[in-house]
Amino acid sequence: MSFSATRLTCFALLSAIEQDMRDTVEVDLGNSPAAEVLPAERLEKAQARRARDNHKPARELSRLLPYLDFADSFELLRTRRSELPADVQTSLELLSPRLERIVAIRNRVAHTRPMEIDDSSVLLDAAQELLGSSQVWATLRTTVARLESDPSYVLGLTISLPGDPDRGPQHNLPIPDFDETGFFGRKDELRRIKKAIKGAYPVVSILGDGGIGKTSIALKVAYELLEDPNPVFDAFVWVTAKATILTTTEIKRINGAIETSLGLFAKAAEQLVGEEPVDPIAEVLSYMESFRILLILDNLETVLDQRLRDFLLDLPLGSKVMVTSRIGLGIENPVQLQPLSDDDSTRLLRALSRIRSVPTLTSMSQVAVEALARQMAGHPAYIRWFVAGVQSGRRPEDLVSSNELLLDFCMSNVYEYLGDAAKAAVRSMQTLPGGRNQAELAFLNEFGAADTQAVLLELLTTNFVQMSSQNSGETLDTVYQLSEFARQYLDKHHPVLPQERTWLLQRSHELTDLGFELSVESSSSPFARETVLVRGMGDVHAAKLLRDALLQASHGIGTALSLCKEAQILAPSYYETWRVEGHLHANDLNHGSAIAAFERALELAPESPILRFHFGSYLLNEAGDPPGALNVLQAGLRSQPDSAELLGQIAWAHYCLGDMPSSVASVGHLLGLPHSSAADRKAGCVVALRATNRELQETTPSNDSVAIIDLVGQTIKALERVNPNQLRNEAVDRIVLLRDQLRRLEGSTAGYVATEAASAQARLLTLQLKSDRVSGARKVGYVKAIVQDKRFGFIRADGADSFFHYRDLIERRDWDLLAEGMYCAYNPQVPAPKGPKSEEVRLLT
């Protein structure tokens, strides 16, 4: 879902105020137990929010702070006011009379309800007063300063505020075009339409001219019914059949629009069912019979036929249909929409001028603005286009005195006053049609992230570009493309020159080639740390930045992190931007920042098994958190049960936690996968042997020897399934160690255990010789003594000592890990000039 700059600005201010309040709580009250500070209801609510993030209940207040919303933090501070500094108390007194209003604004922002006309003004005024009252509002101060210097930065934000699930009826209502300014006037029409929908008529129509505001009022009605404390409907389904845009002299077609009533029903059924059914009309009627549904059909005149009339006459009791149309149906309760009043037209003109910062209009006298508004006949679309024209530099009197096409008197003049970068972006959209996200546009035009956002804000406020949501498979992505009006005008009056068109096509080919290269990397080694996964072409440029960041990491983390930040701005919903940042911080041993980055990535892609592999592996192997790692890895395995990579890490996590049977079981699962790689199978064998050896080392004959024998059997059964070549080197040495321990178990027990221990030794010897025929001479012993300064030591086995030197270690880095009593495997060399000697020594920890 896409959001207006106004909504995103409100989110930025609200988020900053909430963060500063939480920081104040942490500074002044953070050491107190949560149960002593929070009322029971708010404590329960915060714990529930934390639980939805898969976290355990927390006793410390500091761990619950991220789950407190505006009202929670404010009430907590107000109830403990006497413990706070004087300036904080002053800030609370300033906020108190605005509390109800700010909470309402926050709910509209958090739950995607339409914004009111002065929401942003209320928040900005509150912010200025707070900044003047205390120094505690550090985040708010930074946010306000950034809004003043670069208001376009909000386009890169993703709305996320602590809160509870929206428990209202299900809906797919879009954000209305009046989200920028709030809804103006028409209170009588609103009441009448809502009354009609709640009345006996099954069909209610909103009728009027093109551009009069039918769609806007339909959405306003739907959202108000959605907020009704006693809901009339179980679900709201929105479908638009807008196929044309009416100008003063002609009709422009919209490509790809619904053009038949059957297409309309198919779209409605898709919203209800999740896919297009064979008989969409029957499916829609079935749902409307089973549930109370308000079906909203926008621009119905474009698909009006007998099939649609028959449908409307056959509606089941309890469900309703609201339509917007320029033509009445004759079977409905119609509400004729009249133009805005002069007063509301003036207010809309004033609001748009202020929000879009058009000084020519904001400096006008009230009399002059009222005169202009009257000339636009109360049509909201006319007023919006008029403000865009003045914003581009045209004189207001020239615009209103002309009766030419709305397209011409706005588009042509707006274009002339676009900046060079904005014009370049427009030409790229002309040459390469279709929705493109910020990252694609940045690559095609060789823009930086900040420049891209500034250009898009300029184009959005002049109505050249439409913003919409596109499902990339895992997340929603915001894409931009020329409006139909803009494309028709530009192709006629400002065609792209052949040389620039060739260059843009070449850039597009480069992007495609880069995408293919990244896709090949993703397919060949998707779990590799240096592989950057792409969901589609919209990720390619950001993925290139991330790959460059990984390459730059060896030269310093600063440059690498700046590339990550650039990618995060360009692709705010792309989880790989945060995953790569997590690895960069991990390499820098900044574990707090690494965990925060990985968790942010998981918020964006909670079901990604590869992301959970990376995060879990980091927690396990670098952060020292095996329990946390196991939870993350097992959640990934639920999404991809046949992942050898995840199973390998899960087996190691169980080993680190001391759960050897589970470790062996995970390896058994891994080795049973037909597609697992040789490296994964070899590593799995080593883990299973380590786990079994460790369990044997910690078992005495008085313990449950039957259980350990069963574990040995499971391990051998798993090893017998692999290619003998995958049991060489370390695996062979660990087999030798296991045989040695089984020999001792056989000698200290009798009956079933002794018999099974002997049988297991024979099976292991067979495996050993199959994998490496010359390994029969390998022996195991324990380190008896180490002479650190001389870098040599002695291994004891079979009652005799054998000398070894540092150079005899297979892995020389193991020297620093050696300690007396540790097991080693080695090749005995007898006789030797100075007595028994060990070669090719391997430490078996």
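Since the model is a prediction, treat every value here as computed from it, not as a measurement.

Caption draft 1: Focus on the overall build of the protein. Regarding its fold elements, the protein presents 37 helices and 15 strands. Each of the 845 residues in the protein was classed as buried or not, and the buried ones make up 51%. A separation of at least 24 residues holds for 69% of the contacts in the protein among residues at least 6 apart in sequence. When the accessible surface of the protein is totalled, it reaches about 37400 Å², and 50% of it is carbon and sulfur.

Caption draft 2: Structural context of the nonpolar core. Residues Leu 61, Val 109, Leu 140 and Leu 459 are the most contacted members of the largest nonpolar core, which totals 95 residues. In terms of residues, this core owes the most to one element, helix 1 (residues 5–29), which gives 11 residues. Among all residues touching Val 109, those that are not within four sequence positions of it are Arg 7, Cys 10, Phe 11, Leu 14, Met 115, Ile 159 and Leu 161. Counting 63 residues, the second largest nonpolar core, distinct from the first, contains Val 686, Ala 691, Ile 716 and Leu 742.

Caption draft 3: Quick look at the packing of helix 34 (residues 678–697) against helix 36 (residues 730–748). One way to put it is that helix 34 packs onto helix 36 with a least axis distance of 10 Å and a crossing angle of 25 degrees. Accordingly, the angle class assigned to the pair helix 34 and helix 36 is roughly parallel. Crossing geometry of helix 34 relative to helix 36 is assigned as left-handed. Here helix 34 contributes Val 686, Leu 689, Arg 690, Thr 692, Asn 693, Leu 696 and Gln 697 to the contact with helix 36, which in turn contributes Glu 730, Ala 731, Arg 734, Ile 735, Leu 737, Leu 738, Gln 741, Leu 742 and Leu 745. Of the residues that constitute the contact of helix 34 with helix 36, the class distribution is nine nonpolar, four polar and three charged.

Caption draft 4: Structural detail: the environment of Ile 102. Tracing the backbone through its elements, the reader meets Ile 102 in helix 7 (residues 99–110). Note on Ile 102: relative accessible area 0%, which makes it buried. As a C-alpha pair, Ile 102 and Leu 123 span 21 residues in sequence and 7.3 Å in three-dimensional space. Setting aside chain neighbours within four positions, we find Ile 102 in contact with Leu 14, Phe 70, Leu 95, Leu 123 and Ala 126.

Caption draft 5: Main features of the side chain of Arg 50. Relative to the helices and strands, Arg 50 resides in helix 3 (residues 40–52). When residues no more than four places from it in sequence are discounted, the contact partners of Arg 50 are His 55, Lys 56, Pro 57, Ala 58, Arg 63, Leu 64 and Tyr 67.

Caption draft 6: Structural detail: the sheet that holds strand 1 (residues 170–171). Here we have six strands laid out as an open sheet, ordered 1-3-6-7-2-8, and parallel in their pairing. The two strands at the open ends of the sheet, each matched to only one other strand, are strand 1 and strand 8 (333–336).

Caption draft 7: How the structure looks around the pattern of salt bridges. Within this structure, the stated rule accounts for 42 salt bridges. Where Arg 101 meets Asp 119, a salt bridge forms, and the shortest distance between an N and an O atom there is 3.7 Å. Within this pair, whereas Arg 101 is found in helix 7, its partner Asp 119 is found in helix 8 (residues 119–133), the two being separated by 18 residues in sequence. You can call Arg 101 partly exposed: its relative accessible area is 31%. Residue classification places Asp 119 among the buried positions, given a relative accessible area of 0%. One salt bridge connects Asp 733 with Arg 842, and the closest N-O pair in it is separated by 2.6 Å. With Asp 733 in helix 36 and Arg 842 in strand 15 (residues 837–844), this residue pair connects regions lying 109 residues apart in the sequence.

Rules of the game
Residues numbered from 1 in each chain as written. Predicted model: local features only at pLDDT ≥ 70, side-chain atom pairs only at ≥ 80, totals over all residues. Heavy atoms only, no water. Helix = DSSP H or I, 4+ residues; strand = E, 2+ residues; numbered from the N terminus. Buried < 20%, exposed > 50% of the residue type's maximum accessible area, 1.4 Å probe, protein only. Contact = heavy atoms within 4.5 Å. Areas by Shrake-Rupley, 256 points an atom, 1.4 Å probe, with all protein chains shown as cover. Core = buried A, V, L, I, M, F, W, Y, C linked by side-chain atoms within 4.5 Å. Axes fitted to C-alpha atoms, helices over the stretch in contact; angles between N-to-C directions. Parallel < 35°, antiparallel > 145°, perpendicular 65-115°, else oblique. Left-handed = near helix turned anticlockwise from the far one by under 90°. Nonpolar A, V, L, I, M, F, W, Y, C, P; charged D, E, K, R; others polar. Pairing = 2+ DSSP bridges. Salt bridge = Lys/Arg side-chain N within 4 Å of Asp/Glu carboxyl O.

Everything listed here is a matter of geometry and, on its own, says nothing about what the molecule does.
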